[in-house]
Amino acid sequence: MSTDENRPPLHRLASAAPGPPRRTRLPDGTPVWHFTRYDHVRQVLADGRFTRAVLPAAATSPLTDAPDAMTKQDGIGHMRLRRTAKGVFTPHAVDRLTPMVAEVTDRLVEDLAEHGPPADLVDRYTRPLPIAVMNKLLGVHDVDDARLLRWTELAFPGPSVPEHEVAEAAREFTEFAIRLMTDRRHAPGPDLISTLVRAADREGGIPESQLVNFVTTLVVAGYDTTMTMLGNILLYLLGERPQDWARLGSDEAAAGLVADRLTHLIPLNDPAKRFNPLRATDDQEVGGATVRSGDLVTLDRVAAGRDPAAFPGDPFADLFAPLEHPTLAFGGGQHYCLGVSLARAELRLALHRLAARFPGLRLTVPADTVEWRASALTRNPRHLPVTW
């Protein structure tokens, strides 16, 4: 992981102002359409005629950029993979998981209290929480947190990480997933891996390599993105909205609204770093622009999330107000994040239980001096020193 010490918090970064479709070209002449308005971005995400484009220069990881990676699948193959986890991440299924998430959260909160101030929220809360939840969900008890942390971090390495380290981590992570799947086929249980293996065997037609990559992708997404969202939300709340902190502890529903709004507004990484193109497979019109088959499309979901036509006024003014439209923070269409319900439950409970236990929680350093952990996908505080 690299350190981005001199960058501002992500909530202060200005994305492109929403505007009409803009067209540029790659050096080989391929047209690239850039969409920034909410309605246009949502239309493209929902349209199956836009598929994932593979650009060799964009490869960052042998896990996430492998041909078998779920992020590279579209159409029937993609939906077949998603169906294996269909029953695990529904809102109803997540309701059954909520007591487990609450138990993990309460244990970490009490550990934090026993440790006493000062403390680092990253070391003692934002990092161990999603790891513990994922371990329980996967039924994993024999892998230490440090190894899991290394594997997930190197799934989206920064540019300074040696290639051999990334390749070694990918090999270890893949072997771990294969062993898990083999064990669960012989001795299934109530865990996520057993569910995936049973569903995949019933479904048929899913290459084993795709299923292995799917398992590693779920682990990475369940850990890295949740840790990133929680760390960035806490930095914003404690650094800029301390007056709202106490309400989170007295009202779990209010904590959920804040989590939803700040997940919507604070990106996972610098908007300028994101370039995940889609390719049009048919001629179609978006926002008055005619996109031809073969053209590339990029979507600025951060700009779309602050589009005044969809979200009028200052989006940060009332953190407890429900969003006017569905967020695009978790994607859309066939690539909509599978774990969104679980992530929302984790964030809601993490904010509520922490604020209830520590209503006087506060940073001990200015927000602008926070050191950053940066990868190709995410950026979040490396440390959050606090007291109470």
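Scroll up to find the structure.
For every chain, the first residue of the written sequence is number 1, and numbering continues from 1 along that sequence. Totals for whole chains, interfaces and linings use all residues, but because this is a predicted model, local features are given only for residues with pLDDT of at least 70 and pairs of side-chain atoms are given and counted only at 80 or more. In computing side-chain properties, one takes all heavy atoms of the structure into account and sets aside hydrogens as well as water.

Caption draft 1: Structural view of the overall build of the protein chain. Only DSSP runs of H or I covering at least 4 residues are called helices, and only runs of E covering at least 2 are called strands; the numbering of each starts at the N terminus. Across its full length, the protein chain carries 13 helices and 13 strands. Across the 388 residues in the protein chain, those meeting the buried criterion constitute 54%. Working rule for contacts: check all heavy atoms of both residues, and any pair within 4.5 Å makes them a contact. Across the protein chain, contacts joining residues at least 24 apart in sequence account for 75% of those joining residues at least 6 apart. Here the accessible surface of atoms and residues is derived via Shrake-Rupley with a 1.4 Å probe, and residues count as covered only by protein chains that are part of the display. Of the accessible surface of the protein chain, which amounts to about 16800 Å², a share of 53% is contributed by carbon and sulfur atoms. Buried means the residue's accessible area, taken with a 1.4 Å probe over protein chains only, is under 20% of the maximum for its type, while exposed means over 50%, and partly exposed covers the values in between.

Caption draft 2: Seen up close, the pattern of salt bridges. The working definition used for a salt bridge is a side-chain nitrogen of Lys or Arg within 4 Å of a carboxyl oxygen of Asp or Glu. Under the defined criterion, the tally for this structure stands at 24 salt bridges. Two residues, R12 and D368, come together in a salt bridge whose shortest N-O distance is 2.4 Å. Pair noted here: R12 is in the loop between β1 (2-3) and β2 (22-25) and D368 is in the loop between β10 (362-363) and β11 (372-374), with a separation of 356 residues, a long-range link. Note on R12: relative accessible area 40%, which makes it partly exposed. Across the pair D270 and R379 runs a salt bridge whose closest N-O atoms are separated by 2.9 Å. On the criterion of sequence distance, the pair formed by D270 in the loop between α11 (252-265) and β6 (278-280) and R379 in strand β12 (residues 379-381) is long-range, its members being 109 residues apart.

Caption draft 3: Local environment of the layout of surface pockets. The pocket and cavity definitions rest on a 1 Å grid over protein atoms only: a 1.4 Å probe that fits but cannot leave marks a cavity, an open set with protein on both sides within 12 Å along at least five of seven lines marks a pocket, and residues lining either have an atom within 4 Å of a point. Grid points are joined across faces, edges and corners, and a volume is the space filled by probe spheres set on the points. Counted as a void, the second largest pocket has a volume near 500 Å³. Lining the second largest pocket are 29 residues, with D260, F330, Y336, V340 and R344 positioned closest to its centre. Breaking the lining of the second largest pocket down by element, the ones donating at least two residues are α1 (38-46), α3 (91-115), α11 and α13 (340-357). Here the residues of the lining of the second largest pocket are counted per class, giving 15 nonpolar, 9 polar and 5 charged. Gly falls in the polar group here, along with every residue not listed as nonpolar (Ala, Val, Leu, Ile, Met, Phe, Trp, Tyr, Cys, Pro) or charged (Asp, Glu, Lys, Arg).

Caption draft 4: Quick look at the sheet that holds strand β5 (residues 119-120). Strand pairing requires that DSSP identify at least two bridges connecting the strands. One open sheet accounts for 3 strands, arranged β5-β13-β10; its pairing is antiparallel. Each having just a single partner strand, β5 and β10 make up the two edges of the open sheet.

Caption draft 5: Region of the structure containing α1. Among the residues making up α1, those that are buried are Y38, H40, V41, V44 and L45. Check the buried side of α1 and you find it contacts β3 (31-35), β4 (50-52), β6, β7 (284-286), β9 (296-299) and α12 (301-305).

Caption draft 6: The pairing of β9, seen in detail. One ladder, built from 4 bridges, connects β3 with β9; its direction is parallel. The residue bridging V32 from the neighbouring strand is L296, located in β9. Bridge count between β6 and β9: 2 bridges; the pairing is antiparallel. Each bridged residue has a counterpart across the sheet, and for R279 the counterpart in β9 is L296.

Caption draft 7: How the structure looks around the nonpolar core. Only buried Ala, Val, Leu, Ile, Met, Phe, Trp, Tyr and Cys residues count toward a nonpolar core, and they belong to the same one when joined by side-chain atoms within 4.5 Å. Core analysis: the biggest nonpolar cluster contains 99 residues, and L121, L237, W245, L351 and L354 have the highest contact counts within it. With 17 residues, the single largest contributor to this core is helix α9 (residues 208-240). Apart from residues lying up to four places away in sequence, W245 is in contact with L234, L237, L238, L351, L354, A355, F358, P359 and L361. Membership of the second largest hydrophobic core comes to 17 residues, among which are F35, L45, V286 and V291.

Caption draft 8: Inspection of helix α7 (residues 163-186) at higher detail. Here a helix's expected span is defined as the number of its residues, less one, multiplied by 1.5 Å. Here α7 spans 35 Å end to end across 24 residues, near enough to the 34 Å set by a 1.5 Å rise per residue. Turning to α7, its buried residues number three or more, namely V166, A169, A170, E172, F173, F176, A177, L180, M181 and R184. Where the residues of α7 are buried, they touch α5 (128-138), α6 (145-154), α8 (192-203) and α9.

Caption draft 9: A look at the pairing of β3. For β3, the tally of buried residues reaches 5 of 5 residues, placing the bulk of the element in the interior. Relative to β3, β2 runs antiparallel, the two sharing 4 bridges. Note that in β3 the partner of T24 across the bridge is V32.

Caption draft 10: Layout of the packing of aromatic side chains. Pairing of aromatic rings covers Phe, Tyr and the six-membered ring of Trp, with a centre-to-centre limit of 6.5 Å; geometry is then stacked below 30 degrees between planes, edge-to-face above 60, and tilted otherwise. Inspection of the entire model under this criterion finds 6 aromatic pairs. Seen from their ring centres, Y38 and F311 are 5.3 Å apart, and the 90° between their planes marks the pair as edge-to-face. Here F311 lies in the loop between α12 and α13 and Y38 lies in helix α1, a separation of 273 residues in the sequence. Feature note: the residues W151, F173 and F176 constitute an aromatic cluster, connected by ring pairs. Lysine and arginine charges are scored as sitting over a ring when NZ or CZ, respectively, is within 6 Å of the ring centre and within 35 degrees of the ring normal. Above the face of the W372 ring, R379 is positioned so that its terminal group lies 4.4 Å from the ring centre.

Caption draft 11: Broad picture of empty space enclosed by the protein. Applying the stated criterion across every chain, the model contains 2 cavities of 30 Å³ or more. Taken as a whole, the largest cavity spans an internal volume of roughly 60 Å³. Residue lining of the largest cavity: T228, M229, N232, I233, L262, T263, I266, P267 and L268, and that is the complete set. Residue assignment for the lining of the largest cavity shows that the elements contributing at least two residues are α9 and α11. The element contributing the most residues to the lining of the largest cavity is α9, with 4 residues.

Caption draft 12: Quick look at the sheet that holds β4. With mixed pairing, 5 strands are arranged side by side in an open sheet as β2-β3-β9-β6-β4. Unpaired on one side and paired on the other, β2 and β4 mark the two borders of the sheet. Sheet twist, expressed as the mean angle between neighbouring strand axes with direction ignored, is 35°. Together, β3, β4, β6 and β9 form the strand contacts of α1, whose direction differs from that of β9 by roughly 125°. Each axis is a line fitted through C-alpha atoms, and for a helix only the stretch in contact is used; angles between axes span 0 to 180 degrees, taken between their N-to-C directions.

Keep in mind these numbers describe shape, not what the thing actually does.
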